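Listed here are the chains, written in short residue letters.
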Amino acid sequence: MKNLYDIVIIGGGIVGCSAAYYASKEGKKVLLIEKDSIASHASGFAYGGITPHVGLKDDDPYNQISQYSYELHKTLAEEIPEISGIDYGYRTYPNFELSLNENDEKELRAIYKNHSASGIYEWYSKSDLKKIDSRLGPNVTSALATKLSSGVEPYKLTFALGMAAEKKGIEILNSEVKEIDFENDGSVKVSTLNKDIFSENVLVAAGPWSSNFSSWFGFEIPIKPLKGQILRLKSDQIIENGFHWGPNYVTTKQDGLIWAGTTEEDVGFDENPSNFGLISIMESLVTVFPFLENSELVLQTACLRPLAVDKSPVLSKSNNGNLFLASGTGRQGILLGPAMGKLSIDSMLSKNTSISIKPFSHERFSKN
């Protein structure tokens with residue numbers, strides 16, 4: 001008797017767990033395979049900011065998937081805690097993109113001018129910002145605030161999605177995939193360390209490790225790891241809003257700690273926190289919030305985000321059989337995870353997708 005499933009999902013991060021949840025709502029027999037444990041890599045150690053990319057045109061594919069996923073997050077925040085029993089700290093708050101120099105301010109002002117009619121953005125001068133948070137450092141000159149912003153504790157969210165999917169009938173297998181083969185009957189054979197599994201459809205959502213599946217897809221998957229580090233700090237003060245500047249960010253999370261980051265390191269598959277990460281994050285952080293110079297370091301983490309060469313997600317079907325790919329979210333994995341999962345399942349089941357996934361196909365790389 002074959003171990004036969006409608007859908008097998010490889011990868012227990014935010015994308016894989018989102019896909020599992022949406023597949024479970026379709027009443028399908030689903031198996032989620034994770035070689036380590038749910039949310040044990042980037043999805044468990046990310047920042048958890050849910051803010052669509054600032055300043056993109058309405059018809060930009062990245063803007064569309066960002067906005068779509070932002071709306072999915074709002075629906076999930078009503079569903080998942082009740083099903084899973086896990087409060088993952090979803091909350092909405094303004095996000096402030098800070099300018100620290102003339103060039104920053106010029107770029108942010110241009111965005112505000114071009115999108116002022118949308119009602120999404122507000123402009124804050126230095127004096128305006130002091131009313132928002134008087135602790136901001138003297139180098140902060142102004143800010144562009146976006147109302148489309150929220151945040152979560154990413155480990156709890158990903159784990160809650162996995163648990164909700166499991167309660168709705170999916171199975172979870174802790175094992176490593178060793179081989180994928182295409183059967184004559186159209187099914188896909190997935191060989192793990194434990195057993196052989198057969199499925200009508202297989203989704204690979206393996207983050208930066210997705211490139212290891214290239215030979216089975218029939219094309220080179222141009223995704224590599226981008227290391228990022230985060231500090232969790234203890235202070236007798238909190239930061240209620242979200243603040244971004246350049247690649248960096250800071251806010252207070254559900255655990256009462258101040259989360260600050262980040263780095264962008266091209267160092268292969270090194271997931272270890274480093275002194276470089278600690279120093280670079282703190283140096284930037286105290287420029288914005290000098291009061292945090294004397295905060296206590298509680299935890300330093302590092303993770304590997306899956307970065308496509310053009311910094312855009314990859315949602316695609318293999319050149320061979322019913323093998324699908326969802327990865328390449330870069331630094332926006334938590335934001336984009338629900339959309340990546342739902343669009344993959346909808347496409348797999350030949351349902352109309354809420355937005356076009358054609359711009360995210362692997363075929364775009366062959367055109368360059």
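Relevant structure appears above.
Residues numbered from 1 in each chain as written. Predicted model: local features only at pLDDT ≥ 70, side-chain atom pairs only at ≥ 80, totals over all residues. Heavy atoms only, no water.

1. Here's the deal with the environment of Ala 308
Link 1 in the chain: Residue position: Ala 308 is located in strand β17 (residues 296-308).
Link 2 in the chain: Between the C-alpha atoms of Ala 308 and Pro 222, which are 86 residues apart in sequence, the distance is 5.6 Å. (Helix = DSSP H or I, 4+ residues; strand = E, 2+ residues; numbered from the N terminus.)

2. Brief notes about the sheet that holds strand β14 (residues 242-245)
Link 1 in the chain: Taken in spatial order, the 8 strands of this open sheet run β6-β7-β5-β14-β15-β16-β13-β17, and their pairing is mixed. Here the strands that pair on one side only, and so sit at the sheet edges, are β6 (121-125) and β17. Between one strand axis and the next, the sheet turns by 20 degrees as a mean value, whatever way the strands run.
Link 2 in the chain: The sheet contact formed by β14 and strand β15 (residues 248-252) spans 3 bridges and is antiparallel. Bridging across to β15, His 244 finds its partner in Tyr 249.
Link 3 in the chain: Relative to strand β13 (residues 223-234), helix α8 (residues 275-288) is tilted by about 60 degrees, and along the sheet it contacts β5 (95-99), β13, β14, β15, β16 (258-261) and β17. (Pairing = 2+ DSSP bridges. Axes fitted to C-alpha atoms, helices over the stretch in contact; angles between N-to-C directions. Contact = heavy atoms within 4.5 Å.)

3. What about the sheet that holds strand β8 (residues 150-151)?
Link 1 in the chain: Strand order in the open sheet formed by 3 strands is β3-β8-β4, with antiparallel pairing between adjacent strands. Only two strands of the sheet have a single neighbouring strand rather than two, namely β3 (49-50) and β4 (91-92).
Link 2 in the chain: Judged from the 2 bridges that link them, β4 and β8 form a sheet pairing that is antiparallel. What sits directly across from Arg 91, in β8, is Gly 151.

4. Observations regarding the nonpolar core
Link 1 in the chain: Core analysis: the biggest nonpolar cluster contains 49 residues, and Ile 9, Tyr 21, Ile 65, Ile 80, Leu 161, Leu 315 and Leu 343 have the highest contact counts within it.
Link 2 in the chain: Listing elements by their share of this core, those giving two or more residues are β1 (4-10), α1 (14-24), β2 (30-34), α3 (61-84), α6 (154-167), β19 (323-327) and α9 (333-348).
Link 3 in the chain: Formed by 27 residues, the second largest nonpolar core is a distinct cluster that contains Val 8, Leu 31, Ala 206 and Leu 304. (Core = buried A, V, L, I, M, F, W, Y, C linked by side-chain atoms within 4.5 Å. Buried < 20%, exposed > 50% of the residue type's maximum accessible area, 1.4 Å probe, protein only.)

5. Topic: α8
Given 3.6 residues to a turn, an α-helix orients residues that are three or four positions apart in the same direction.
Link 1 in the chain: The end-to-end C-alpha separation of α8 is 20 Å, in line with the 20 Å expected for 14 residues at 1.5 Å each.
Link 2 in the chain: Considered for burial, the residues of α8 that qualify are Gly 277, Ile 281, Met 282, Ser 284, Leu 285 and Val 288. (Expected span 1.5 Å × (residues − 1).)

6. Quick look at the pairing of β15
Link 1 in the chain: Of all 5 residues in β15, 5 are buried; the element is thus mostly enclosed.
Link 2 in the chain: Burial along β15 is two-sided: Asn 248, Val 250 and Thr 252 facing one way and Tyr 249 and Thr 251 facing the other are all buried.
Link 3 in the chain: Count of turn residues in the β14/β15 antiparallel hairpin: 2 residues, of which Gly 246 carries a positive phi of about 55 degrees.
Link 4 in the chain: Taken together, the 4 bridges between β15 and β16 define a ladder with antiparallel strand orientation. Bridge assignment links Tyr 249 to a residue of β16, and that residue is Gly 261.
Link 5 in the chain: Between the end of β15 and the start of β16, which pair antiparallel, lie 5 residues, with Gly 256 showing a positive phi angle near 85 degrees.

7. Focus: the packing of aromatic side chains
Link 1 in the chain: Inspection of every chain in the model, using the stated rule, returns 11 aromatic pairs.
Link 2 in the chain: Residues Phe 96 and Phe 243 carry aromatic rings whose centres are separated by 5.4 Å and whose planes lie at 20 degrees to one another, so their mutual orientation is stacked. Taken together, the positions of Phe 96 in strand β5 and Phe 243 in strand β14 put the pair 147 residues apart, joining distant regions of the chain. Considered together, Phe 96 and Phe 243 belong to a single accessibility category, that of buried residues.
Link 3 in the chain: Seen from their ring centres, Phe 243 and Phe 289 are 5.2 Å apart, and the 80 degrees between their planes marks the pair as edge-to-face. Highlighted residues: Phe 243 in strand β14 and Phe 289 in the loop between α8 and β17, separated in sequence by 46 residues. Accessibility classification places Phe 243 together with Phe 289 in one group, the buried group.
Link 4 in the chain: Put simply, the rings of Phe 96, Tyr 124, Phe 243, Phe 289 and Phe 291 pair up and form one aromatic cluster.
Link 5 in the chain: Here the guanidinium or amino end of Arg 232 rests over the ring plane of Trp 259, the centre of that ring lying 4.0 Å away. (Phe/Tyr/Trp six-rings, centres within 6.5 Å; stacked < 30°, edge-to-face > 60°. Lys NZ or Arg CZ within 6 Å of the ring centre and 35° of its normal.)

8. Describing the pairing of β19
For a regular strand, side-chain orientation follows a simple rule: the groups alternate between the two sheet faces.
Link 1 in the chain: In terms of burial, β19 is largely enclosed, as 5 of its 5 residues are buried.
Link 2 in the chain: Here β19 shows no split at all, with Leu 323, Leu 325 and Ser 327 on one side and Phe 324 and Ala 326 on the other all buried.
Link 3 in the chain: Both strand β12 (residues 196-204) and β19 contribute to a ladder of 3 bridges, which runs parallel. Among the inter-strand pairings, Leu 203 is bridged to a residue of β19, identified as Phe 324.
Link 4 in the chain: Here 4 bridges tie strand β18 (residues 314-317) to β19, and the two strands are oriented antiparallel to one another. Looking at β19, one finds that Leu 315 is bridged to Ala 326.
Link 5 in the chain: Joining the antiparallel neighbours β18 and β19 is a turn of 5 residues.

9. Some words on the environment of Glu 220
Link 1 in the chain: Residue placement: Glu 220 occurs in the loop between α7 (214-217) and β13.
Link 2 in the chain: Through-space distance from the C-alpha of Glu 220 to that of Leu 31 is 26 Å; in sequence the pair is 189 residues apart.

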